[in-house]
Amino acid sequence: MFRALWGDIQHGRLQRLPFLGWYLVLVLLVVVLAFGLGAMIGAAERMAGGEPLETQVALGESLGPLGLLTVAAVFALLLLGQLNIMAKRVRDMGLPMAWVIVLAWLLLSGVLSSVTGAALSGPVSLLVLLALLFVPTGTFGKGGGGAVQP
């Protein structure tokens, strides 16, 4: 799991089906962690009597700075894993400069999200995901049957 998500950053490749599997694993992990974090925030809000300011204080006291830093680090690691499997998939499709393409998509998604909300960001992200899922290995010339990362 470590090698597929966070290893082979510069040269790894990932074909369509393994990409879909790892993508779904990461989405599931994010959803589970987000629901757990939401439940913890809800419990803190209930203990604070529904006051947002008191909720922030209670949550900060229960987690502490190290806990908040740990939550942020876990989500950052999951984001890095997501970007890494996308770069591997782009590399497998045969496109050069996979990380530049992935970071450009991330920047475009952030800009669209801040300017238009989910009106354009969601559909553009869906189109990128569909392209990563349906464009075959080596379509753009350099992919040529890259090794599947376990």
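Residues numbered from 1 in each chain as written. Predicted model: local features only at pLDDT ≥ 70, side-chain atom pairs only at ≥ 80, totals over all residues. Heavy atoms only, no water.

Caption draft 1: Examining the overall build of the chain more closely. Looking only at helices and strands, the chain features five helices and zero strands. Listing every helix and strand of the chain by position from the N terminus yields α-α-α-α-α. Counting only C-alpha atoms, the chain reaches 60 × 35 × 20 Å along its principal axes. Of the contacts formed within the chain by residues at least 6 apart in sequence, a portion of 71% connects residues at least 24 apart. Carbon and sulfur atoms provide 76% of the accessible area of the chain, an area that totals close to 8,900 Å². (Helix = DSSP H or I, 4+ residues; strand = E, 2+ residues; numbered from the N terminus. Contact = heavy atoms within 4.5 Å. Areas by Shrake-Rupley, 256 points an atom, 1.4 Å probe, with all protein chains shown as cover.)

Caption draft 2: Geometry of the environment of Trp22. Within the element layout of this structure, Trp22 appears in helix H2 (residues 16–47). For Trp22, a relative accessible area of 16% gives the class buried. (Buried < 20%, exposed > 50% of the residue type's maximum accessible area, 1.4 Å probe, protein only.)

Caption draft 3: Main features of the packing of aromatic side chains. Applying the stated criterion to the full structure yields one aromatic pair. Ring geometry for Phe19 against Tyr23: centres 5.9 Å apart, planes inclined by 35°, an arrangement best described as tilted. Of this pair, Phe19 and Tyr23 both sit in helix H2, four residues apart, roughly one helical turn. Overall, the relative accessible area of 0% leaves Phe19 in the buried class. (Phe/Tyr/Trp six-rings, centres within 6.5 Å; stacked < 30°, edge-to-face > 60°.)

Caption draft 4: Inspection of the packing of helix H4 (residues 98–116) against helix H5 (residues 118–134) at higher detail. Following both chains from N to C, one finds H4 and H5 inclined at 155°, their axes separated by 7 Å at the closest point. As far as their axial angle goes, H5 and H4 are roughly antiparallel. Residues Trp105, Leu108, Ser109, Leu112, Ser113 and Thr116 of H4 form the contact with H5, whose own contacting residues are Ala118, Ala119, Leu120, Ser121, Val124, Ser125 and Val128. When the residues that make up the contact of H4 with H5 are grouped by side-chain class, the tally is eight nonpolar, five polar and no charged. (Axes fitted to C-alpha atoms, helices over the stretch in contact; angles between N-to-C directions. Parallel < 35°, antiparallel > 145°, perpendicular 65-115°, else oblique. Nonpolar A, V, L, I, M, F, W, Y, C, P; charged D, E, K, R; others polar.)

Caption draft 5: Molecular detail of the environment of Leu59. Looking at where Leu59 falls in the secondary structure, it is placed in helix H3 (residues 52–93). Judged by its relative accessible area of 14%, Leu59 falls in the buried class.

Caption draft 6: Fine view of the pattern of salt bridges. Considering all chains together, one arrives at one salt bridge under this definition. A salt bridge links Arg89 to Asp92; the shortest N-O distance between them is 2.7 Å. Linking Arg89 with Asp92, this pair stays in helix H3, spanning three residues, or about one helical turn. Using a relative accessible area of 0% as the deciding quantity, one classes Arg89 as buried. Judged by its relative accessible area of 0%, Asp92 is buried. (Salt bridge = Lys/Arg side-chain N within 4 Å of Asp/Glu carboxyl O.)

Caption draft 7: The side chain of Asn84, seen in detail. Along the chain, Asn84 turns up in helix H3. Look at Asn84 and you get buried, because its relative accessible area is 1%. Excluding residues within four positions of it along the chain, Asn84 makes contact with Ala4, Leu5, Trp6, Gly7, Asp8, Ile9 and Trp99.

Caption draft 8: Broad picture of the confidence of the model for the chain. For the chain, mean pLDDT is 83; residues scoring 70 or higher make up 92% of the total. Of all secondary-structure elements in the chain, the lowest mean pLDDT belongs to helix H1 (residues 2–6), at 78, while H4 reaches the highest, 89. Confidence drops under pLDDT 50 across residues 143–150; counting only partners more than four residues distant or on other chains, this segment forms 27 contacts. (pLDDT = per-residue confidence, 0-100.)

Caption draft 9: Inspection of the nonpolar core at higher detail. Judged by nonpolar contacts, the single largest core of 21 residues is most densely connected at Phe19, Trp22, Ile85, Met86, Val102 and Leu132. Put simply, the parts of the chain that give this core at least two residues each are H1, H2, H3, H4 and H5. With seven residues, the top contributor of residues to this core is H3. In contact with Met86, other than residues within four places in its own chain, are Phe19, Val102, Trp105, Val128 and Leu132. (Core = buried A, V, L, I, M, F, W, Y, C linked by side-chain atoms within 4.5 Å.)

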